[in-house]
Amino acid sequence: MSPFIAELLGTMVMILLGDGVVANVVLKKTKGYQAGWITITTAWALAVFTGVVIAGPYSGAHLNPAITIGFAIAEKFPWASVGPYIIAQMLGAALGAFLVWIIYYDHFKATEDSGVKLGVFCTAPEIRHNIVNFGGELIATFVLMFSVFYITGAELMSDVNSTTPIGLGSIGAIPVSFIVWVIGLSLGGVTGYAINPARDLGPRIMHAILPIPGKGNSGWDYAWIPVVGPLAGSLVAALLYISL
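Residue numbers restart at each chain and count upward from 1, following the sequence in its written direction. Local features in this predicted model are restricted to residues whose pLDDT is 70 or higher, and side-chain atom pairs enter the listing and the counts only when it is 80 or higher, whereas totals over whole chains, interfaces and linings include all residues. Hydrogen atoms and water are omitted, and side-chain values are computed over all heavy atoms in the structure.

As recorded in an unreviewed UniProt entry, the protein goes by Aquaporin family protein and comes from Butyricimonas virosa. UniProt positions are given in the numbering used here, feature names are shortened, and annotations may be inferred rather than shown by experiment. Listed under Subcellular location (unreviewed entry) in UniProt, the entry text for the protein is "Membrane". The heading Sequence similarities (unreviewed entry) in the UniProt record of the protein holds the text "Belongs to the MIP/aquaporin (TC 1.A.8) family."

What follows is the structure, given as structure tokens:
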């Protein structure tokens, strides 16, 4: 699998499961209707885990333009590959959202609230305040990016001066999943924690073009915040990392 395909498929599955749990919790007549925030944040963490398992061996499993750009700023990823990675992530996010719409087609029809339907695809603040909302996305993504820089692989100490890396396989995807989980539980209540421009923009575009009954507008007046906020948070994290 090429890195491009890995990023596309990994992001697609992440959004399929992540937006899927939102649909299951907020759309009417689902098995998980009104299951709550703990269900959403937990499933999103596991969605990230699944996407990383798929893409990790082939692309490093960025699945997020903010991660890709952060790594490039820190000189851990070539700038020449940034564009293809972001294109793959956007396409994957859009495809994942499309699949959620297919699976929950009847439940979108059964739900009257246009805001709830939009919330399946993308984020929105509980209290609209652009500065606070932007700051929330910036800080949450800073925590994600800065933590990712410090994730290390397991090692076996051979002697005092020698260590041997231990391949953990898919288990190595757990740390980033825990980070996403705690960000959702701790910081996600303000904006819905996009922390990923592709996660928000790709599905928002699908909301705009899909024939969803009674869907209302796609919230384009807010859409810049879950794009620019995460990119700014990643920039700050990368600059701090390389300065230490």
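A. How the structure looks around the environment of phenylalanine 49. Numbered from the N terminus, helices here are DSSP runs of H or I no shorter than four residues, and strands are runs of E no shorter than two. Mapping phenylalanine 49 onto the fold places it in helix α2 (residues 37-59). Each residue gets one of three labels from its accessible area relative to the maximum for its type: buried under 20%, exposed over 50%, partly exposed in between, using a 1.4 Å probe on protein chains only. You can call phenylalanine 49 partly exposed: its relative accessible area is 25%. In this structure the C-alpha to C-alpha distance between phenylalanine 49 and methionine 90, which are 41 residues apart in sequence, comes to 18 Å. Residues within four places of phenylalanine 49 in sequence aside, it is in contact with Ser170, Ala173, Ile174 and Ser177. Two residues qualify as a contact provided that any one of their heavy atoms is within 4.5 Å of a heavy atom in the partner residue.

B. Up close: the pattern of salt bridges. The salt bridge criterion pairs a side-chain nitrogen of Lys or Arg with a carboxyl oxygen of Asp or Glu, the two atoms within 4 Å. For the coordinates displayed, the defined rule picks out four salt bridges. In this structure, arginine 199 engages aspartate 19 in a salt bridge whose closest nitrogen and oxygen atoms are separated by 3.5 Å. Here the residue arginine 199 occupies a position in helix α9 (residues 197-209), and aspartate 19 occupies one in helix α1 (residues 3-26), the gap between them amounting to 180 residues. In this structure arginine 199 comes out as buried when scored by relative accessible area, which is 6%.

C. The arrangement of α9 in detail. Here, expected helix span is obtained from the residue count minus one, scaled by 1.5 Å. In this model α9 runs 18 Å from its N-terminal to its C-terminal C-alpha over 13 residues, within 8% of the 18 Å that 1.5 Å per residue would give. Within α9, burial applies to Pro197, Ala198, Arg199, Asp200, Gly202, Pro203, Arg204, Met206 and His207. Residues of α9 that are buried make contact with α1, α2, α3 (65-73), α4 (82-103), α6 (114-121) and α10 (225-243). The N-terminus of α9 is capped by asparagine 196, whose side-chain oxygen sits 3.0 Å from the backbone nitrogen of alanine 198. For the purposes of these results, a polar contact is taken to be a pair of N or O atoms within 3.5 Å, where, inside protein, one atom must be able to donate a hydrogen and its partner to accept one; residues adjacent in sequence count only when each atom of the pair is a side-chain atom.

D. Main features of the packing of α3 against α4. In this analysis, axes come from line fits to C-alpha atoms, helices being fitted only over the stretch in contact, and the angle between any two N-to-C directions falls in the range 0 to 180 degrees. Where α3 contacts α4, the axes come no closer than 9 Å and their chain directions differ by 170°. With respect to each other, α3 and α4 are oriented roughly antiparallel. For the element pair α3 and α4, the recorded crossing hand is right-handed. Contacts from Pro65, Thr68, Ile69 and Ala72 of α3 reach α4 at Val82, Tyr85, Ile86 and Gln89. Gly is placed with the polar residues, together with every amino acid not listed as nonpolar (Ala, Val, Leu, Ile, Met, Phe, Trp, Tyr, Cys and Pro) or charged (Asp, Glu, Lys and Arg). Grouping the constituent residues of the contact of α3 with α4 by class yields six nonpolar, two polar and no charged. An angle below 35 degrees is treated as roughly parallel, one above 145 as roughly antiparallel, one from 65 to 115 as roughly perpendicular, and anything else as oblique. Crossings are sorted by hand: turned counterclockwise from the far helix by less than a right angle, the near helix makes the crossing left-handed, and turned clockwise it makes it right-handed.

E. A nonpolar patch on the surface, seen in detail. Together, Trp37, Ile38, Ile171, Ile174, Phe178, Trp181 and Leu185 line one region of the surface with nonpolar side chains, adding up to about 660 Å² of accessible area. At four residues, the largest contribution of residues to the nonpolar patch is made by helix α8 (residues 174-187). Structurally, the position occupied by isoleucine 38 is in helix α2. Patch construction takes residues with relative accessible area above 30% that form no salt bridge. Like charges are linked within 9 Å, and nonpolar side chains (Val, Leu, Ile, Met, Phe, Trp, Tyr) are linked within 5 Å. The Shrake-Rupley method, run with a 1.4 Å probe, gives the accessible areas here. Residue values count only the displayed protein chains as cover.

F. Looking closely at the packing of aromatic side chains. The criterion for an aromatic pair is that two Phe, Tyr or Trp rings (for Trp, the six-membered ring) have centres within 6.5 Å, with stacked assigned to planes under 30 degrees apart, edge-to-face to planes over 60 apart and tilted to the rest. Scanning all chains against the criterion turns up twelve aromatic pairs. Centroid distance phenylalanine 149 to tyrosine 241: 4.2 Å. Interplanar angle 10°. Geometry classified as stacked. Of the two residues, phenylalanine 149 is situated in helix α7 (residues 130-149) and tyrosine 241 in helix α10; the sequence distance between them amounts to 92 residues. Considering the side-chain rings of phenylalanine 178 and tryptophan 181, the 6.1 Å spacing of their centres and the 50° angle between planes classify their relative orientation as tilted. Here tryptophan 181 and phenylalanine 178 lie together in helix α8, a separation of three residues that amounts to about one turn.

G. Structural detail: the UniProt feature "transmembrane region" (unreviewed entry) in the protein. UniProt tags residues 6-27, 34-55, 85-104, 131-151, 171-195 and 222-242 as "transmembrane region" (unreviewed entry). The span residues 131-151 shows a helical share of 90% and a strand share of 0%, and its end C-alpha atoms are spaced 30 Å apart. Overall, residues 222-242 shows 86% helix and 0% strand. The separation of its end C-alpha atoms is 31 Å.

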